[in-house]
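# Examination of the molecular architecture
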Amino acid sequence: MTLLELLKLMRKHLKLVIALPIVCAIAMGLVSFLFMPNTYTASTSMYVLVQSDSESASTMSTDLSASQMITNDVANLITSDRVTRDTATALQMNSLNDYDIAVQSETTTRVLTLSVTGQDAQSTAIIANELAKNVSTVAQEVMNVQSVNVIDEAITPESPSGPNRMMYTAVAFLAGLFLAVAIVVLMDVLNTKVRGAEDVEELLGVPVIGRIPAMKEGK
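Residues numbered from 1 in each chain as written. Predicted model: local features only at pLDDT ≥ 70, side-chain atom pairs only at ≥ 80, totals over all residues. Heavy atoms only, no water.

- The name that an unreviewed UniProt entry assigns to the protein is Lipopolysaccharide biosynthesis protein, with the source organism given as Slackia equolifaciens.
- Recorded under Sequence similarities (unreviewed entry), the UniProt text for the protein is reproduced unchanged: "Belongs to the CpsC/CapA family."
- You can read under Subcellular location (unreviewed entry) in the UniProt record for the protein the words "Cell membrane". (UniProt positions renumbered as here; feature names shortened; annotations may be inferred.)

## What about the pairing of strand S1 (residues 40–50)?
- Note that S1 and strand S3 (residues 111–118) share eight bridges and pair antiparallel. Each residue of the ladder has a partner; that of Thr-41, found in S3, is Thr-117.
- Inspection of the sheet shows S1 paired to strand S4 (residues 145–152) by six bridges, in the antiparallel sense. The partner of Ser-45 across the bridge, within S4, is Asp-152. (Pairing = 2+ DSSP bridges. Helix = DSSP H or I, 4+ residues; strand = E, 2+ residues; numbered from the N terminus.)

## Side note on the pattern of salt bridges
- Under the counting rule described, the total for this entry stands at two salt bridges.
- In this structure, Asp-86 and Arg-82 form a salt bridge, with 3.9 Å as the shortest nitrogen-oxygen distance. Here the residue Asp-86 and the residue Arg-82 both occupy positions in helix H5 (residues 81–90), the gap between them amounting to four residues, near one helical turn.
- Here Glu-141 ties to Arg-82 by a salt bridge, and the two come within 2.5 Å at their closest N and O atoms. With Glu-141 in helix H6 (residues 121–142) and Arg-82 in helix H5, the pair connects residues that are 59 residues apart, well separated along the chain.
- Residue Arg-82 is classed as partly exposed on the basis of its relative accessible area of 33%. (Salt bridge = Lys/Arg side-chain N within 4 Å of Asp/Glu carboxyl O. Buried < 20%, exposed > 50% of the residue type's maximum accessible area, 1.4 Å probe, protein only.)

## Section: a nonpolar patch on the surface
- A cluster of nonpolar side chains, contributed by Leu-14, Ile-18, Ile-22, Ile-26, Leu-30, Val-31, Phe-33, Leu-34, Phe-35, Phe-173 and Leu-174, occupies part of the molecular surface with about 1,100 Å² of accessible area.
- Elements represented by at least two residues in the nonpolar patch include exactly helix H2 (14–35) and helix H7 (165–190).
- If one sorts the elements of the nonpolar patch by residue count, H2 sits on top with nine residues.
- In this fold, Ile-26 is placed in helix H2. (Patch = residues over 30% accessible without salt bridge, like charges linked within 9 Å, V, L, I, M, F, W, Y side chains within 5 Å. Areas by Shrake-Rupley, 256 points an atom, 1.4 Å probe, with all protein chains shown as cover.)

## Concerning the packing of H5 against H6
- One can describe the packing of H5 onto H6 by two numbers: an axis separation of 9 Å at closest approach and a directional angle of 130°. Looking at the two axes, H5 sits oblique to H6. When you trace H5 past H6, the crossing you get is right-handed. Of the residues in H6, those touching H5 at Arg-82, Val-83, Thr-84, Asp-86, Thr-87 and Ala-90 are Ile-127, Glu-130, Leu-131, Asn-134, Val-135, Val-138, Glu-141 and Val-142.
- For the contact of H5 with H6, the residue count by class is seven nonpolar, three polar and four charged. (Axes fitted to C-alpha atoms, helices over the stretch in contact; angles between N-to-C directions. Parallel < 35°, antiparallel > 145°, perpendicular 65-115°, else oblique. Left-handed = near helix turned anticlockwise from the far one by under 90°. Contact = heavy atoms within 4.5 Å. Nonpolar A, V, L, I, M, F, W, Y, C, P; charged D, E, K, R; others polar.)

## Quick look at the UniProt feature "transmembrane region" (unreviewed entry) in the protein
- Under the local residue numbering, the UniProt record ascribes the feature "transmembrane region" (unreviewed entry) to residues 16–36 and 166–186.
- Taken end to end, residues 16–36 has its terminal C-alpha atoms 28 Å apart, with 95% of it in helix and 0% in strand.

Pasting the structure below:
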């Protein structure tokens, strides 16, 4: 099927091509606004201060790759069971399973960005700050880290960070458009009616040598 033929089919079923994407977009919009609660994200940034001694101080200050390896280890440590469990215990919570914890590490620095996302704005900031506090304690115990210093404490977010309802609605609209095109093509494939001279020639294997035009009654 050529692009021109597809456009003709879409024009023939224009109501379906227009209605289905709109219905899908409206349905997703209603679902996102009625059944998807707002989520909030609180972030804190930390600096990983590495232990130094007379033998390794000069090497560590110039070896960015070694510093980054330690920083990556600390990033993994933040989401470890021990740190999350200690944080939940300190905050008198059963667990942090209801919160999404993300850690971002730059490639050339020792700065880490910790983000906590959840449905309660105030709790996300409290958990982020407590995680930063606990990871510093654990890192000093199990790694060659002097401390993990907080640069910017997490504050309670004033506006929600998600869900991205506009994106969901746009994706639903495009999905509806794709589905409409697929239905139109499928309907055309399943239609076995003879719709023109080309179909006659293909079915019978003989050329069409004449046509009788359709005429209105009384003329």
